[in-house]
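# Fold and contact review
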Amino acid sequence: MVELTIDGKKVEVQEGSMVMHAAHKLGVYVPHFCYHKKLSIAANCRMCLVEVEKAPKAMPACATPATNGMVVHTCSERAVAAQKSVMEFLLINHPLDCPICDQGGECQLQDLAVGYGGSSSRYQEEKRVVFHKDLGPLVSAEEMSRCIHCTRCVRFGQEVAGVMELGMIGRGEHSEITTFVGRSVESELSGNMIDLCPVGALTSKPFRYQARTWELARRRSVSPHDSLGANLVVQVKGDEVVRVVPFENEEINECWISDRDRFSYEGLNQDRLTTPMVKGQDGQWREASWSDALQVVAHGLMDVRDASGGAQIGALATEYATLEELALLARVMRGLGSENIDARLRQTDQKLDAALAGAPWLGMPIAALDTVDRVLVVGSFLRKDHPLMAQRLRQAAKRGTQISAIDTAGDDPLLKLIARATVLPAALAQTLSQVLIALAKIKGVEVPAALAGVQADATAQQMAQSLATGERVAVLLGNAVVNAPDAAQLAALAQSIAQLAGGKLGFLTAGANTVGAYLAGAVPVQGGKSAAAMLAEPLKAYIVLHAEPLLDADNGAQAVAALKAAEFVVALTAFASDVTDWADVMLPIAPFTETSGTFVNAQGTAQSFKGTVAPRGQTRPGWKVLRVLGNVLHLAGFDDETSESVRDSVLSGGVESRLSNQINAGITPAVAAQGQSGALQRVTDLPIYRSDALVRRAPALQESGASRAPAARMHAQTLASLGCAPGDSVRVKSSTGAVTLVAVQDDTLPAGAVRIAAGFAQTASLGSAYGQLQVERA
């Protein structure tokens, strides 16, 4: 530690800290633009000049190391004169257009110009003009003349997002921030550049000219889109959400959010269902009162129960339904005598439920991802499925953490991997077996008898060697493993690897409330059917909560067919369009911005939130609708007056004791499944902006490159074996349907695979994400 004095106050900071860090520790504000606590030090704005005794000139606080006995003055006459001089230079070429600037009212330059700027300018020459840049549908760079070249956006791309999409060209006053040869910005974290920009150069394109900052009410919330549970500030004008920005929480999302969290609010204004609707016997939809609609629902469910038994009623929910909604849905189902409830619509292996000892979770705090020294990630499109967890691992890799990956598609994770195996989906178990065998030999442990004939290749040995030398090891299972047909086998192998390496097994859970679904009882127990079973063997009645089964289920076409064949289906949904084909009653329930609720994230933290705007039309919070439905059905246990009482009943007794990644399944010989002759194994990714109903309706996200139309992506060797060339139209057939797509060469895929995205109506007819496909030239 070193001790220094700032403005007459003594402070101790760690050796190597800068004067700026010491000032922050004291609570002393030093004006700055280029400095940011999460970015490297650039020292190029010079606004933080301070007086250091015995120094010949003013020094930048962000880049001056603190030393023992140093005496610093941040607001002396000399320091203020230097800061005012810098401000005068910054304003020489800056357009004085604050009244029309979208950043007005929340601009650092505007704020500091009040304190350090002159009342008039001595500069009489023409100001420079910088032509606007098109950075894509999310980030606006229409007024780059306002840029002060702090390079925060450039450093963010390189250091946090992991990709240098913006850079600086030119020198002096000819400097410009731009993209490479006119490319757009497509990072899944790009919106954070808007928050970082201290002026009006980079702004939110969807929010542009929608409101002034002083018109907005600010309300805290939690993101529903992935298992991180990023903390949000939802900004509201009137009764409409107009912007979403991060709320800093160092333990969860730090000060960042993903673009999916930031821009999905646009979907709140699209395709909303605002009135209960009942389908008549003539097939026409008619508006109904809440009481009438709930009576229709009650009669429909009771008729099926009385005629066929409660086991013929099933409930399908999503992993972004709140804890309260899932808990009350489970009460309704069990009150009707059914255990058929599932919120994991993409999961296919029913053996996994029997193997799990408790609710699967990350196995450690999210912040601990910064401190692990060895990581094996299995079956995850990490950047797209969990963008901010990928960011934490990216920072860990920079500090020396060794990260290995076993996956089915070689997408660039934008972090250093010391070993990688990209294999066919059916070969994941074999690859994990090889790593386990190699690790057992390194540790001198007996090889499991079921794997006696497995030989580890060089990549598996490299992964095992890395894991064996670690002190803090994590084996993380992604969505592609959890949803795989052999998920229980994969999890058992991963558990054995983690145990041999002395590390922890973790699940990168898919949804904002996947852990909450287990806690709320929204998973099948005591012989109840899973979502896959409910849809493979259709039931007579269904309750569907928030889900759009065509796009949210593993086999969307099969799901819709099952719902259409049912005698009675009620949909509790915020959106209408994907429901009208198969539902008999539509009940408008609130999205996360219009209801109170709780999400339990991957580390098992329950985060509650309030509604940020009033529900639209006759929309009601889902938990209230389910509670009243329980009353209409005359079921016991529906007396809760608040969402908090529902939450407390679920979380009573604590969460930690109910979390467990213990896998009670034996390891069986890893034998790759034999495919049909000439068939290709399907590799299925769920694009980041097709993951849920709200995101799929956000116009700006759907215009981005990540939501481009699905294609048939194949390795060059696979294309050649089919007699196809990139750009050809190909006919892709499965046992359930066929589609025509454009062939795209993708050499990151293993030979013998075809990668086709899920989450699109165009590809839903192909059925399961883990099926086999025939491909031929169209």
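Residues numbered from 1 in each chain as written. Predicted model: local features only at pLDDT ≥ 70, side-chain atom pairs only at ≥ 80, totals over all residues. Heavy atoms only, no water.

Our focus in this paragraph is the overall build of the chain. Per the secondary structure count, the chain includes 24 helices and 33 strands. Here the chain has a C-alpha radius of gyration of 28 Å; the compact-globule value for 778 residues is 28 Å, and the two agree. When the backbone C-alpha atoms are referred to their principal axes, the chain occupies close to 90 × 70 × 60 Å. Here the chain, with 778 residues, has 61% of them falling under the buried criterion. If you take every contact in the chain between residues at least 6 apart in sequence, the share linking residues at least 24 apart comes to 72%. Carbon together with sulfur atoms contributes 50% to the accessible area of the chain, which is approximately 30,000 Å² in total. Across the chain, the mean location of the 71 positive side-chain charges is 3 Å away from that of the 80 negative side-chain charges. (Helix = DSSP H or I, 4+ residues; strand = E, 2+ residues; numbered from the N terminus. Rg over C-alpha atoms; globule rule 2.2 N^0.38 Å. Buried < 20%, exposed > 50% of the residue type's maximum accessible area, 1.4 Å probe, protein only. Contact = heavy atoms within 4.5 Å. Areas by Shrake-Rupley, 256 points an atom, 1.4 Å probe, with all protein chains shown as cover. Lys, Arg positive; Asp, Glu negative; His and termini not counted. Charge placed at Lys NZ, Arg CZ, Asp CG, Glu CD.)

The strands that make up a sheet pair up through hydrogen bonds in the backbone, lying either parallel or antiparallel. Here three strands make up an open sheet; going across it, the order is 11-12-13 and the pairing antiparallel. Taken across any chain shown, the strands that pair with only one partner, and hence form the sheet edges, are strand 11 (217–222) and strand 13 (240–246). Taken over all neighbouring pairs, the strand axes of this sheet differ in orientation by 35° on average, direction set aside. For strand 12 (residues 231–237) and strand 13, the ladder comprises six bridges, and the chain directions are antiparallel. Looking at the pairing, Leu 232 lines up with Pro 246 of strand 13. (Pairing = 2+ DSSP bridges. Axes fitted to C-alpha atoms, helices over the stretch in contact; angles between N-to-C directions.)

Below, the discussion takes up helix 2 (residues 77–92). Since one α-helical turn is 3.6 residues long, residues separated by three or four positions face the same way. Between its first and last C-alpha, helix 2 extends 23 Å over 16 residues, near the 22 Å set by a 1.5 Å rise per residue. Those residues of helix 2 not exposed but buried are Ala 79, Ala 82, Gln 83, Val 86, Met 87, Leu 90 and Ile 92. In this fold, the buried residues of helix 2 make contact with strand 3 (49–52), strand 5 (71–73) and helix 3 (108–116). (Expected span 1.5 Å × (residues − 1).)

Let us look at the UniProt feature "domain: 4Fe-4S His(Cys)3-ligated-type" (unreviewed entry) in the chain. When the UniProt feature table is mapped onto this chain numbering, "domain: 4Fe-4S His(Cys)3-ligated-type" (unreviewed entry) sits at residues 78–117. Helix makes up 60% of residues 78–117 and strand 0%, with an end-to-end C-alpha separation of 16 Å. (UniProt positions renumbered as here; feature names shortened; annotations may be inferred.)

Let us now look at the UniProt feature "domain: 4Fe-4S Mo/W bis-MGD-type" (unreviewed entry) in the chain. Sequence positions flagged by UniProt for "domain: 4Fe-4S Mo/W bis-MGD-type" (unreviewed entry) are, in local numbering, residues 216–272. Between the first and last C-alpha atoms of residues 216–272 the distance is 23 Å; the span itself is 9% helix and 35% strand.

The subject of this paragraph is the pattern of salt bridges. Enumeration over the complete set of coordinates arrives at 39 salt bridges. With a closest N to O distance of 4.0 Å, Arg 208 and Glu 143 form a salt bridge. Pair noted here: Arg 208 is in the loop between strand 10 (203–204) and strand 11 and Glu 143 is in the loop between strand 7 (139–141) and helix 4 (152–161), with a separation of 65 residues, a long-range link. By relative accessible area, which is 15% here, Arg 208 ends up buried. Using a relative accessible area of 26% as the deciding quantity, one classes Glu 143 as partly exposed. (Salt bridge = Lys/Arg side-chain N within 4 Å of Asp/Glu carboxyl O.)

This paragraph deals with the sheet that holds strand 18 (residues 374–378). Reading across from one edge, 20-19-18-21-22 is the order of the five strands in this open sheet, with parallel pairing throughout. A single partner strand is all that each edge strand has here, and the edge strands are strand 20 (419–422) and strand 22 (504–507). Shown here is a sheet whose adjacent strand axes are inclined to one another by a mean of 15°, direction ignored. Across five bridges, the pairing between strand 18 and strand 19 (residues 402–407) is parallel. In the strand pairing of strand 19, Val 378 is matched with Ile 406.

Our focus in this paragraph is the packing of aromatic side chains. What the rule picks out here adds up to two aromatic pairs. With 5.0 Å between their ring centres and 40° between their planes, Phe 599 and Phe 609 make a pair best called tilted. Here Phe 609 lies in strand 27 (residues 606–609) and Phe 599 lies in strand 26 (residues 597–600), a separation of ten residues in the sequence. Positioned above the aromatic ring of Phe 207, the side-chain terminus of Arg 243 is 4.3 Å from the ring centre. The residue whose ring lies beneath Arg 690 is Phe 760, and the NZ or CZ to ring-centre distance is 4.5 Å. (Phe/Tyr/Trp six-rings, centres within 6.5 Å; stacked < 30°, edge-to-face > 60°. Lys NZ or Arg CZ within 6 Å of the ring centre and 35° of its normal.)

Let us now look at the pairing of strand 9 (residues 176–179). As paired strands, strand 8 (residues 166–169) and strand 9 are joined by four bridges and run antiparallel to one another. Counterpart to Ile 169 in the pairing with strand 9 is Glu 176. Counting the residues between successive antiparallel strands, the hairpin from strand 8 to strand 9 contains six residues, one of them, Gly 170, with a positive phi of roughly 80°.

We now examine the state of the cysteines. With the rule as written, the count across this model stands at zero disulfides. Counting only cysteine sulfurs, Cys 34 is the nearest neighbor of Cys 45, a cysteine outside any disulfide, at a range of 3.7 Å. Residue classification places Cys 45 among the buried positions, given a relative accessible area of 6%. Just so you know, Cys 75 is unpaired, no disulfide at all, and the nearest cysteine sulfur is the one on Cys 48, 15 Å from it. (Disulfide = S-S within 2.5 Å.)

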